[in-house]
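One-letter residues, chain by chain:
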Amino acid sequence: MDRTINLRFTPTQKDYVRATRVLARKSPGFMVMAIILAVAMVASAIVMFVPGVGQPSWDSIAVVVLMIGAFYILYFVAIVPLQFAQSYKKNEYLKMERHFTISDEQMIMAVGDRSTTFEWENFQKVIDGGDFFLMIYKAQERIYPFIPKDAFTEEGSLEAYLDLLAEKSIPVK
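Residues numbered from 1 in each chain as written. Predicted model: local features only at pLDDT ≥ 70, side-chain atom pairs only at ≥ 80, totals over all residues. Heavy atoms only, no water.

Observations concerning the overall build of the protein chain
Right, so step 1: Helix and strand content of the protein chain: five helices and eight strands.
Right, so step 2: The order of helices and strands in the protein chain, counted from the N terminus, is β-α-α-α-α-β-β-β-β-β-β-β-α.
Right, so step 3: On C-alpha atoms alone, the protein chain measures out to a radius of gyration of 21 Å, which is more than a quarter above the 16 Å that the 2.2 N^0.38 rule sets for 173 residues.
Right, so step 4: In terms of principal-axis extent, the alpha carbons of the protein chain reach across some 70 × 35 × 30 Å.
Right, so step 5: By residue count, 30% of the 173 residues in the protein chain fall in the buried class.
Right, so step 6: Excluding contacts between residues fewer than 6 apart, the proportion of contacts in the protein chain whose partners are at least 24 apart in sequence is 55%.
Right, so step 7: Averaging the positions of the 18 positive and the 19 negative side-chain charges in the protein chain gives two centres separated by 10 Å. (Helix = DSSP H or I, 4+ residues; strand = E, 2+ residues; numbered from the N terminus. Rg over C-alpha atoms; globule rule 2.2 N^0.38 Å. Buried < 20%, exposed > 50% of the residue type's maximum accessible area, 1.4 Å probe, protein only. Contact = heavy atoms within 4.5 Å. Lys, Arg positive; Asp, Glu negative; His and termini not counted. Charge placed at Lys NZ, Arg CZ, Asp CG, Glu CD.)

As structure tokens, this is what we get:
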């Protein structure tokens, strides 16, 4: 890459919720659990509402499975956004402008007076979330930085970023 890409943006509460949801949907473990839960909920509904299916003792199990399924759906749709709303209101760090400096050597994320250097070899993949990129980084700890696509304001910067990811063999899914 011939140049450095500089990006600036201030994340919103909605950005964090969307990033969390995209990460969950792209996680194999979450998807397997969601499919198992959906099948169990459908089977439980059939047991409860179709006469003659199953034994009468299965009704109580079906109710429990439907309640657990309803809780997980409520948790994913309502409770997670509420938790992020609370965290976002209380934590000024989450509201601070991010400055990304992306070069061939590394990517640096500066937030306030703190900065984090990301080495390219530790990126596992980048998830295209539609209007943002969620990066999966694993070194000593897992970090999930995200960049809204509208932060790529310089002409050609988005293409240069995608080209750099391809050069570094970081898959974009």
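This is not the end of the story, as more comes after the structure.
So, helix α3 (residues 58-90)
Right, so step 1: Look at α3: 45 Å from first C-alpha to last across 33 residues, which is about the 48 Å you get at 1.5 Å a residue.
Right, so step 2: At Y75, α3 shows its maximal kink, close to 45 degrees.
Right, so step 3: Turning to α3, its buried residues are A62, G69, V80, P81, A85 and Y88.
Right, so step 4: Lining the buried residues of α3 we find α1 (13-25), α2 (28-49) and α4 (92-95). (Expected span 1.5 Å × (residues − 1). Bend = angle between axes of the 7 residues up to and from the residue.)

These figures come from the coordinates and say nothing about function on their own.
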